[in-house]
Amino acid sequence: MSQVFDELAQAGQSIWYDNIERGMIQSGELDRLIRESGVVGITSNPSIFEKAIGSSAAYDTPFRELALAGRSTEEIYESLAVADIQAAADKLRPIYDKSDRLDGYVSIEVSPDLARDTEGTLADARRLHAAVDRPNVMIKVPATAEGIPAIAALIEEGICINITLIFSLAQYEHVARAYLDGLKRRALAGGSLEGIASVASFFVSRIDVAVDGRLPEDSDLRGRAAVASCKLAYQRHLEIFSDERWKELASKGATVQRMLWASTSTKDPSYSDVLYVENLIGPDTVNTVPPKTLAAFADHGKVRSLLVEDLEAAVQVVKDLEEIGIHLDEVGEELQLAGVAGFSRSFSQLMSSITARREAVEGGDSRSGRFSHGPLTEAIDARLLQISGDRVIPRIWERDPTVWKEGEDHGRVIANRLGWLDSPASMRREVARLKEFAGAAQREGFRHVLLLGMGGSSLCPEVLRLVFGVGEDAIDVQVLDSTDPDGVRGAAEAIDLDRSLVLVASKSGTTTEVRAFRHYFADRLGGERRFVAVTDPGTQLEKSARAASFRDVFVNAPDIGGRYSALSFFGLVPAALLGIDVARFLDRGVRMSHSCGSCIKTSENPGARLGVFLGEGALAGRDKLTLFFSPEIAPLGSWIEQLVAESTGKEGMGIVPVDGEPTGKPDEYGSDRLFVYSRLRDGSNDDLDRKVAALEKAGQPVARIELEDRYDLAGEFFRWEFATAVAGSILGIDPFDEPNVKESKDRTNEVLEVYRSTGALPEEVPALSEDSMTLLADKGLILQGIDRIEDALSAHIERASDGDFLAILAYMPPGEEVAAALDAIRSAWAPGPGLASTVGIGPRFLHSTGQLHKGGANTGVFVQITRSIEDDLSIPGWDYSFGTLVRAQAEGDLASLIAHGRRVIRIDLRGDLMEGLRTLATWKTGGA
């Protein structure tokens, strides 16, 4: 055991672990904690079980067995929870025996819905005690007014209890007196007092959170109320358990009710992460620590008996707070009410999740969608049987890389990209932090957040902003993912920089665009103290952000790829700032993850069924995934486009998402189409409903997905991630890598190296030139006899054959006016759905569809549109400007497309941008 934990034990404090999860018990992790970290007890609560059962695959098999046996939601929960408590109790039994019943306990809580019901609490406590049937179990009972009589009654019956939700000295005194009353009544009835143990759980950090929120930022009382409360409560503990009444009970074998410090993780990042451990060490105490706090104390904690020191200062803190109208007993009452509500909410969410999961196992999941397979029916039915027989779905959840690729090298890479499977459930434990972060920013008067990111780091936040809008009193989140000088300049001008935070989002921490944005805005803001980072652990961004004293740093799980990161910090930090109820949002994600994990009927599994639809469609040549949406959720299309294109577009194959294309008549579409209609239940759907029904009637393959409300977006994020993984397995590709994205980056860097050495970008020899534009064509387009760019464009688009698509790649500043102009160009160049068409704004699409363009099938006909930069913008400290960077990115993209033998031309606009775009929209081409 580590020396620091040995010193802690000698000081009279026991370490209990505030976490339980089946995998921890089965894997040997609990054994290691006992052996190395001095853990001698475990506590649980509804929130802990919600996270455990919701996120761990260790529950899948017993869950299925219970559900298929017809057990109810409540029976399933209790069976799983009791089994965990029993297993942990058995692990801790040697400690219980060796410590003469002082430690070695595991706690399980009565239903939080009974917090105001004395008789209900008693009945539930007795039932749980009998069900666990272990001497070293403690039943957790709340310290509410209705819970106090239950404490005395249970102690009288000889049941060991952990009294929870104590937030004030007054509440603690009621708890201690109830314990003594129970002991006295048992003694009078002739019962033995030996072996009856109890702890009084005093919740610590929440006191500081509540009090700090009422204090000015510069108050020297911040971060002091909690420790002061604990010190005074401990003094009262010493008095109660040394008076004559106690001595009489002790003479009959009674054991001191120890004080247990709960909620000891530090919520304010400016405070020490071991604040509520180091300051609360003393005899007859327990500290129940969550995983991060335990690790922090093991790393740099110091054992000092501070609990009984400087009591006068603690008294003074209480007096000073009362002088400004903050009374800790009143704060304690408010916190207890909130605590009961919070546990009840977690319990309700857990029951809802179990219900959804149980229904999924039984095959009754209503979220699977409605499918009209058309000509794909036979292939899809066969694939559903094959996937079921090969256990593809369970193997995905088991992190089996051979679902996609054989070979040790592939296995290692894929295994490190599957963290998204657990993300909806695991991120629930971060909800409080996210809410506090967003709340603090609101209270400090920030009105905007500028998010600097590319691809997966920016698309989900943009979707959330466009679909949800900005909540009341919340903070507007604007996304910058354009290196065009006007795009960067426009982002700065669209917000009040003096009342803004800057959110730097990059998984790798080395993304060129994000680094450039960061340098520019650090210069504009005179430093980075109003910056926040979201990145992977150990990246250069994390290190430099901490060195630069960023306001906060959110370290994401490293095993989540960028485009699969919607339900991680990359999507949830912006969501919290926008005022989205993150807990409710994640609950929808968890429900969908359970449906995708627990449904044993592949045909009813929402993600698997969609994945088979996509994969079999692509194998049959229906690789143009045409997306329709209720207008209210239409922004989701850009996120799906990136996920599907970047995941599947490789090894000469892929699925081409077609988003935002005008709908056509059924007979206008070719045999390369596959349709998915995402419909908001109360959306503006009448027109699309009719058109999609016509497609179904005509025998086209169509999937309909219905969203209950906007919060179902979280479920859709997970559904599409899972579906994409399944489609990847059908196509035989790795859906988690992006081999050709780096290629464009490398070619961009080559162009920039030329610029650094010569002071100029490589010269082009245009094939055609007019007053307002030039055209550069790949070698495959014969231009002899063509002297007009319009004619050359028409000849280029005529190169498309059945099954091809038109891709317009516009390196332009983002904005509604440019987007409308590009839509007009799309309609002019591909006016009907016979030729599928896509539009991408550069350089953002390089982190999205760019992988498909180079790595997918050679079915694209590409038109790159660039512009001359008249008003450039420097990047502070860099040897090139934003204008040079965006031009180099276009050059690198073009060179990469040509190297892969793609059919591509570039049209370079000069002069007024909008005039040039309007001119292009008047041209009728071979696609018309």
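See the structure above.
Everything in this summary refers to the structure shown in the same document.

**Looking at helix H29 (residues 636-648)**
Relative to the 18 Å expected for 13 residues at 1.5 Å per residue, H29 spans 18 Å between its end C-alpha atoms, a close match to the ideal helical length. For H29, the buried fraction is high: 13 of the 13 residues fall into the buried class.

**Observations concerning the packing of helix H9 (residues 169-188) against helix H11 (residues 225-240)**
Contact pair H9 / H11: the axes reach a minimum separation of 10 Å and the direction vectors enclose 25°. The orientation of H9 with respect to H11, classified from their angle, is roughly parallel. As for how H9 packs across H11, the hand of that crossing is right-handed. Across from Leu169, Tyr172, Glu173, Ala176, Arg177 and Leu180 in H9, the residues of H11 making contact are Leu232, Ala233, Arg236, His237 and Ile240. Residue composition of the contact of H9 with H11, grouped by class: 7 nonpolar, 1 polar and 3 charged.

**Thoughts on the environment of Pro739**
Structurally, the position occupied by Pro739 is in the loop between helix H31 (713-731) and helix H32 (741-758). For Pro739, a relative accessible area of 46% gives the class partly exposed. Along the chain, Pro739 and Lys854 lie 115 residues apart, while their C-alpha atoms are 9.5 Å from each other. Those residues within four positions of Pro739 in sequence are excluded, and the remaining contacts are Lys650 and Gln851.

**Points about the side chain of Thr73**
Within the secondary structure, Thr73 is located in helix H6 (residues 73-98). Apart from the residues lying within four places of it in its own chain, the contact partners of Thr73 are Met351, Ile354, Thr355 and Arg358.

**Some remarks on the nonpolar core**
Formed by 124 residues in total, the largest nonpolar core has its most connected members in Ile20 and Leu183. Of all the elements, H6 adds the most residues to this core, at 11 residues. Excluding residues within four positions of it along the chain, Ile20 makes contact with Ile25, Ile42, Ser44, Ile48, Phe49, Ala52, Asp84, Ile85, Ala88 and Val106. Counting residues in each nonpolar core, the second largest holds 93 residues, with Leu577, Ile580, Phe629 and Leu643 among its members.

**So, the sheet that holds strand E9 (residues 370-372)**
Spatial ordering of the open sheet is given by E9-E18-E17-E15-E16, a layout of 5 strands whose pairing is mixed. Where the open sheet ends on each side, the last strands, each with one partner, are E9 and strand E16 (656-659). Neighbouring strand axes in the sheet, compared pairwise and without regard to direction, differ in orientation by 20° on average. Pairing analysis gives 6 bridges linking strand E15 (residues 624-629) to strand E17 (residues 673-680), with the strands arranged parallel. Residue pairing in the sheet places Phe628 in a bridge with Tyr677 of E17. Across the sheet, helix H28 (residues 606-619) is in contact with E9, E15, E17 and strand E18 (702-707); its angle to E17 comes to roughly 155°. Its contacts with the sheet place H29 against E15 and E16, and it is angled at close to 160° to E15.

**Side note on the packing of aromatic side chains**
Within this structure, the stated rule accounts for 35 aromatic pairs. Ring centres of Tyr77 and Phe347 lie 5.5 Å apart, and the angle between their planes is 85°; on these two criteria the pair is classed as edge-to-face. Linking Tyr77 in helix H6 with Phe347 in helix H16 (residues 328-361), this pair joins segments that are 270 residues apart in sequence. Overall, Tyr77 belongs to the buried group, its relative accessible area being 11%. For the ring pair Phe628 and Phe675, a centre distance of 5.8 Å and an interplane angle of 25° mean the geometry is stacked.

**Some points on the sheet that holds strand E2 (residues 39-42)**
The sheet built from 8 strands closes into a barrel, its strands ordered E1-E2-E3-E4-E5-E6-E7-E8 with parallel pairing. Here the average twist between neighbouring strands, direction ignored, is 30°. Pairing geometry for strand E7 (residues 258-262) and strand E8 (residues 285-289), over 3 bridges, is parallel. Looking at E8, one finds that Met259 is bridged to Thr285.

**A word on the pairing of E17**
Within E17, 8 of the 8 residues are buried, leaving the element largely enclosed by the surrounding structure. Here E17 shows two buried faces, one formed by Arg673, Phe675, Tyr677 and Arg679 and the other by Leu674, Val676, Ser678 and Leu680.

**Structural notes on the pattern of salt bridges**
With the rule as written, the count across this model stands at 71 salt bridges. Salt-bridge contacts for Arg236 lead to Glu239; the nearest nitrogen and oxygen are separated by 2.8 Å. Taken together, the residues Arg236 and Glu239, both in helix H11 and 3 residues apart, mark about one turn of the helix. When its relative accessible area of 43% is taken as the criterion, Glu239 is described as partly exposed. For Lys247, the salt bridge is made with Glu244, and the minimal N-O distance between the two is 3.6 Å. Placement of both Lys247 and Glu244 in helix H12 (residues 244-250) is noted, with a separation of 3 residues, approximately one turn of the helix. Looking at Lys247, the relative accessible area reads 46%, which means it is partly exposed. Judged by its relative accessible area of 59%, Glu244 is exposed. A cluster of three or more residues bridged by salt bridges with shared partners is formed by Asp484, Asp486, Arg489, Arg867 and Asp871.

**Side note on a negative patch on the surface**
Judged by side-chain charge, Glu322, Glu323, Asp329, Glu330 and Glu333 come together as a negatively charged surface patch. Those elements that provide at least two residues to the negative patch are helix H15 (311-323) and H16. Looking at the negative patch, the element that brings in the most residues is H16, giving 3 residues. As for its position among the elements, Glu333 is in helix H16.

**Observations regarding unusual backbone geometry**
Here the residue pair Gly842 and Pro843 is connected by a cis peptide bond, since its omega of 10° sits within 30 degrees of zero. You can see Pro843 is positioned in the loop between strand E22 (836-841) and helix H35 (850-855). In this model, Asp310 sits at a positive phi of 55°, which is unusual for a non-glycine residue. In this fold, Asp310 is placed in the loop between helix H14 (291-300) and H15. With a relative accessible area of 54%, Asp310 lands in the exposed category. Despite not being glycine, Ser549 has its phi angle at roughly 60°, a positive value. Locating Ser549 in the fold gives a position in the loop between helix H25 (540-547) and strand E14 (552-555). Taking the relative accessible area as the measure of exposure, Ser549 reaches 33% and is therefore partly exposed.

What counts and what doesn't
- Sequence positions are assigned chain by chain, starting from 1 and proceeding in written order.
- Side-chain atom pairs in this predicted model are given and counted only at pLDDT of 80 or more, local residue features only at pLDDT of at least 70, and totals for whole chains, interfaces and linings cover all residues.
- Excluding hydrogens and water, the side-chain figures rest on all heavy atoms present in the structure.
- Per the convention used, a helix needs a DSSP run of H or I reaching at least four residues, while a strand needs a run of E reaching at least two, with both numbered from the N terminus.
- The length a helix should cover is 1.5 Å for every residue beyond the first.
- Burial classes follow relative accessibility: with a 1.4 Å probe on protein chains only, a residue under 20% of its type's maximum area counts as buried, one over 50% as exposed, and anything between as partly exposed.
- Axis definition: a line fit to C-alpha positions, over the contact stretch in the case of helices; interaxial angles, taken between N-to-C directions, run 0 to 180 degrees.
- Our angle categories are set so that under 35 degrees counts as roughly parallel, over 145 as roughly antiparallel, 65 to 115 as roughly perpendicular, and the remainder as oblique.
- Crossings are classed by handedness, with left-handed meaning an anticlockwise turn of the near helix from the far one by less than a right angle and right-handed meaning a clockwise turn.
- Any pair of residues with heavy atoms lying within 4.5 Å of one another is described as a contacting pair.
- Each residue gets one of three labels, nonpolar for Ala, Val, Leu, Ile, Met, Phe, Trp, Tyr, Cys and Pro, charged for Asp, Glu, Lys and Arg, and polar for the others, Gly among them.
- Throughout, nonpolar core names a set of buried Ala, Val, Leu, Ile, Met, Phe, Trp, Tyr and Cys residues whose side chains join them through atoms within 4.5 Å.
- Pairing between strands is defined by DSSP: at least two bridges between them are needed.
- A pair of aromatic rings is counted whenever rings of Phe, Tyr or Trp (Trp by its six-membered ring) have centres within 6.5 Å, and the orientation is called stacked for planes under 30 degrees apart, edge-to-face for over 60 and tilted otherwise.
- Salt bridge, as used here: a side-chain nitrogen of Lys or Arg that lies within 4 Å of a carboxyl oxygen of Asp or Glu.
- Surface patches are defined over residues having more than 30% relative accessible area and no salt bridge, joining like charges when they lie within 9 Å and nonpolar side chains (Val, Leu, Ile, Met, Phe, Trp, Tyr) when within 5 Å.
- Here, Shrake-Rupley sampling with a 1.4 Å probe gives the accessible areas, and only protein chains in the shown set may cover a residue.
- Only four residue types enter the tally: Lys and Arg on the positive side, Asp and Glu on the negative side, with His and both chain ends excluded.
- Every charge is mapped to an atom, namely NZ of Lys, CZ of Arg, CG of Asp or CD of Glu.

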